[in-house]
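# Architecture at a glance
One letter stands for each residue in the lines below.
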Amino acid sequence: MKLSSLLGLCLAAAMLGACGGADKDDAKSDSASDEIAVTEAELAGNPFMEEWTTPYGVPPFGRIENGDYMPAIKKSILEMRSEIAEIVGNPDAPTFENTILALETAGAALTRVTRTFGNVAGTELDDEMRALQTKIYPMLTRERDAITLNAELWTRVRSVYEQKDQLGLDEQDARLLELKHRNFLRAGAALDPAVKAELTKLNTELSKLTTAFGQNLLAATKAFKLELKDEAQTAGLSENFKASIWNENAGAWVVGLNRSAYETFMTQSEVRELREELFNGYRLRASSGEHDNGPNAIKIAQLRAKRAELKGYQSHAHYQLETRMAKTPKGAEDFLLRVWRPGLERAKEERADMQAMIGDEHKFAAHDWWHYAEKVRKARFDLDENETKPYFDLEMVRNGAFEMAQRLFGLTFEPVDVAGWNPVVTSYDVKNADGVHLGLFMTDMYARDSKRGGAWMSSYRMASNIEGDSVRPLITNNLNLSTPPAGEPTLMRFSEVETLFHEFGHGLHGLMTMINYESFAGTSGSPRDYTEFPAQILEHWTAEPEMLAIYARHYQSGDVIPAELVERMRVASNFNQGFKTTEYIAASLLDLRWHSLTSEQAAALTDAREFEQQVLSEYGLIDEIEPRYRSQYFNHVFASGYSAGYYAYLWSEILDADGFAAFKQAEDIFDPETAARLKKWVYQSGGLREADELYRNFRGQDPSIEPLLEGRGFAVEESGGGT
Ligand SMILES: [Zn+2]
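The shown structure was predicted, so the numbers you read here are calculated from the model rather than taken from an experiment.

## Notes on the overall build of the chain
- In terms of regular secondary structure, the chain is built from 31 helices and eleven strands.
- The C-alpha atoms of the chain give 25 Å as radius of gyration, which agrees with the globular expectation for 723 residues (27 Å, within 12%).
- Each principal axis of the C-alpha atoms in the chain carries an extent, and together these give about 80 × 60 × 60 Å.
- Burial analysis of the chain (723 residues in total) assigns 61% to the buried set.
- When the accessible surface of the chain is split by element, carbon and sulfur atoms take 48% of a total near 27,500 Å².
- Each charge class in the chain can be summarised by its mean position, and for the 77 positive and 111 negative side chains these summaries are 2 Å apart.

Structural data, given as structure tokens:
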């Protein structure tokens, strides 16, 4: 069983990857800004100009200063431009090696800098880094466009592609060719020069806007603090939580807007006015004043719609979904609505249950949801999260995840001393069953003001194996747990345990990959509505009794979590599922609608809030539930890689629910045969084949939607098949 389904856990932002450049391009729109120069003096002592002799070749974090990024990026852009010029200027006829493979390896130095920059900016953002983001991302976008919209390069790529059946390529090489060709085509390589020039302008503008969106959100999030000076204001809060939010400097308990602290306060606090204040702080952030993201959201939607139109698509969503499992916006929406209807009905029942508990005292409101849901849960299932938390100590939970990977895939994790980007980082050497090194796994579990919210997996270096040079990856997992008081263990809510296993699943996808090319190794190159599957399926193990016996032990007594407590957790797990399903699907529908606008429709938008209200009321969302993300802080879709793709978590749940059923059918959650197929076709295979084929090879059949509905405790509709 998977006790709660969760959302908002992502893969790293899209901009971390390789970008590219060329110094001559007939589509060039803004030649002045394309001029890049850097002197040897500016590069003196720059760590990015050296081989890294650190353990595992991790970036030498202690030596990298903010001022090192820009010169290193400039230098490596110039280097990449000359690599591209060499491909274009090659007098030999285009071949797989001199064009496709050369393209794949071009810009390696730039990738090394941008991955470091992107990752560090995600966890240690300061004003200087913020200013750098604003400059760097539009530059990288321009360089990438200069490659994908380069007419001569496109001619060479197309020429190799046209000979593909005569080249005798092996499966991985053939896939690389297929994907490179497709990327050029989808980027607009085959369009007229004038249209390409316009695309370049739009992409650069979009890059600025999405960066501004993310920065506004972080600033607005940081700006809000709920300060509690009186003991009376902390009524209901657990001692453990109080200790974690005590701020010595402020002489007060301070609650910010990180999701973990937010949900804990909304659940525990007995002071209704304070809950309302925090609720409004959360839902109204970045919605007015200097950090208002409403105009940014509109502008981003407009430019994306315009760009899709230039490429010949009805909308940005049509463009995005073309290469996904759902295929069309309608396909995604139909699927969402199948789950939305029973979810919303259930939410209405939950609302009635809570109003009944409140009685005539006051009308149940949106900011009451967490608090009364917990009360109903306690009354009906006798379950209190303070009762379960002592069994979920971070150290034990993490070791449990490692043990699971050992039993399923034969992996081992050995703690190693490697200096990370922050003192809280812990690192592990990962080996396969034969003792062969697979990669380095680095974890950063704690929230801080400089770190963006949520949980995510990323990499400082990806796996590749080109011409016998095997490179193994440096993979990261980030969570945002509240830091416990000094000397105390980090006790987790069960949903946080699931989050840890989720990101660990993305991590394994990166670590176990046997793909030779970064373009489709690990989490790269597979469709958004599939990439969540390898992460989400691992959440199912968290609450299996066999797994709990391994990791769910009381942090003081060492006793395994009692079976009757687990049973109460299981029974209670479907409670509040109406709310969770509804808030998630509301956000997914909102995302789809923002990005299904035609260019003309988008141009008519003036007020983000108004558009949002109109969409949500059309689907019948009730007033007591907010979408999981409102437009102004929907970072996934306006500033990260999930535009027209937030639905993907639920789509992937079709796969994870159905996929876990294979283990249940084998009556062994560590069934060796099922695990071997999962390892081979999912964790090792990256984007080697189309996602539905990878899944079929693992499962032996197409997925069906029934396990998803059953998993959420909803009735299974009679009509309609799987996906
Ligand atoms: Zn994820």
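From this point, the narrative continues.
## What to know about the coordination of the zinc ion
- Taken together, the protein ligands of the zinc ion are His502 (NE2), His506 (NE2) and Glu532 (OE), with distances of 2.1 Å.
- One chain supplies every donor for the zinc ion, spaced along it as H-x3-H-x25-E. Note that His502 and His506 are positioned in helix 19 (residues 494-511) at a spacing of four residues, about one turn of the helix.
- Using a relative accessible area of 0% as the deciding quantity, one classes His502 as buried.
- For His506, a relative accessible area of 0% puts it in the buried group.

## A look at helix 19
- Over its 18 residues, helix 19 runs 25 Å from end to end, which matches the ideal 26 Å to within 8%, given 1.5 Å per residue.
- Counted residue by residue, helix 19 has 17 buried out of 18 residues, so it is predominantly covered.

## Looking at the pairing of strand 8 (residues 455-461)
- In terms of residue burial, strand 8 counts as a mostly covered element, since six of its seven residues are buried.
- Bridge analysis of strand 8 against strand 11 (residues 474-481) gives five bridges, and the strand direction is antiparallel. Across the sheet, residue Ser458 finds its bridge partner in strand 11, namely Thr476.

## Considerations on the packing of aromatic side chains
- Using the criterion set out here, one finds 52 aromatic pairs in the structure.
- Each ring, one from Phe402 and one from Phe441, has its centre 6.2 Å from the other, and the planes form 75 degrees; the classification is edge-to-face. Linking Phe402 in helix 18 (residues 394-409) with Phe441 in strand 7 (residues 437-446), this pair joins segments that are 39 residues apart in sequence.
- The exposure class assigned to Phe441 is buried, which follows from its relative accessible area of 2%.
- Judged by centre distance (5.6 Å) and plane angle (50 degrees), the rings of Phe413 and Phe504 are tilted. Placement of Phe413 in strand 5 (residues 412-416) and of Phe504 in helix 19 is noted, with a sequence separation of 91 residues between them.
- Looking at Phe504, the relative accessible area reads 2%, which means it is buried.
- The ring of Trp52 has Arg112 sitting right over it, with the charged end atom 3.9 Å from the ring centre.

## Describing the pattern of salt bridges
- For the coordinates displayed, the defined rule picks out 47 salt bridges.
- In this structure, Arg272 engages Asp368 in a salt bridge whose closest nitrogen and oxygen atoms are separated by 2.7 Å. Separated by 96 residues along the polypeptide, Arg272 in helix 12 (residues 272-283) and Asp368 in the loop between helix 15 (329-358) and helix 16 (369-381) bring together distant segments of the chain.
- Overall, the relative accessible area of 0% leaves Asp368 in the buried class.
- Here the salt bridges share partners, and the residues they tie into one network are Arg259, Glu263, Arg493, Glu583 and Arg628.

## Quick word on the packing of helix 3 (residues 66-88) against helix 6 (residues 127-148)
- With their axes 11 Å apart at the nearest point, helix 3 and helix 6 run at an angle of 5 degrees to one another. When the axes of helix 3 and helix 6 are compared, the pair comes out roughly parallel. For the pair formed by helix 3 and helix 6, the contact residues are Asn66, Gly67, Tyr69, Met70, Ile73, Lys74, Ile77, Met80, Arg81 and Ile84 on the first element and Glu128, Met129, Leu132, Lys135, Ile136, Met139, Leu140, Glu143 and Ile147 on the second.
- Here the contact of helix 3 with helix 6 is built from residues that sort into twelve nonpolar, two polar and five charged.

## Some points on the side chain of Thr443
- Along the chain, Thr443 turns up in strand 7.
- In this structure the side chain of Thr443 is engaged in a polar contact, spanning 2.7 Å, whose partner is the side chain of Arg398.
- Once residues lying within four places of it in the same chain are set aside, the contact partners of Thr443 are Arg398, Val424, Val425, Thr426, Tyr428 and Asn477.

So, how was this worked out
Residues numbered from 1 in each chain as written. Predicted model: local features only at pLDDT ≥ 70, side-chain atom pairs only at ≥ 80, totals over all residues. Heavy atoms only, no water. Helix = DSSP H or I, 4+ residues; strand = E, 2+ residues; numbered from the N terminus. Rg over C-alpha atoms; globule rule 2.2 N^0.38 Å. Buried < 20%, exposed > 50% of the residue type's maximum accessible area, 1.4 Å probe, protein only. Areas by Shrake-Rupley, 256 points an atom, 1.4 Å probe, with all protein chains shown as cover. Lys, Arg positive; Asp, Glu negative; His and termini not counted. Charge placed at Lys NZ, Arg CZ, Asp CG, Glu CD. Donors = N, O, S within 2.8 Å, 3.2 Å for Na, K, Ca; no water. Expected span 1.5 Å × (residues − 1). Pairing = 2+ DSSP bridges. Phe/Tyr/Trp six-rings, centres within 6.5 Å; stacked < 30°, edge-to-face > 60°. Lys NZ or Arg CZ within 6 Å of the ring centre and 35° of its normal. Salt bridge = Lys/Arg side-chain N within 4 Å of Asp/Glu carboxyl O. Axes fitted to C-alpha atoms, helices over the stretch in contact; angles between N-to-C directions. Parallel < 35°, antiparallel > 145°, perpendicular 65-115°, else oblique. Contact = heavy atoms within 4.5 Å. Nonpolar A, V, L, I, M, F, W, Y, C, P; charged D, E, K, R; others polar. Polar contact = N/O pair within 3.5 Å; in protein donor to acceptor, adjacent residues only side chain to side chain.

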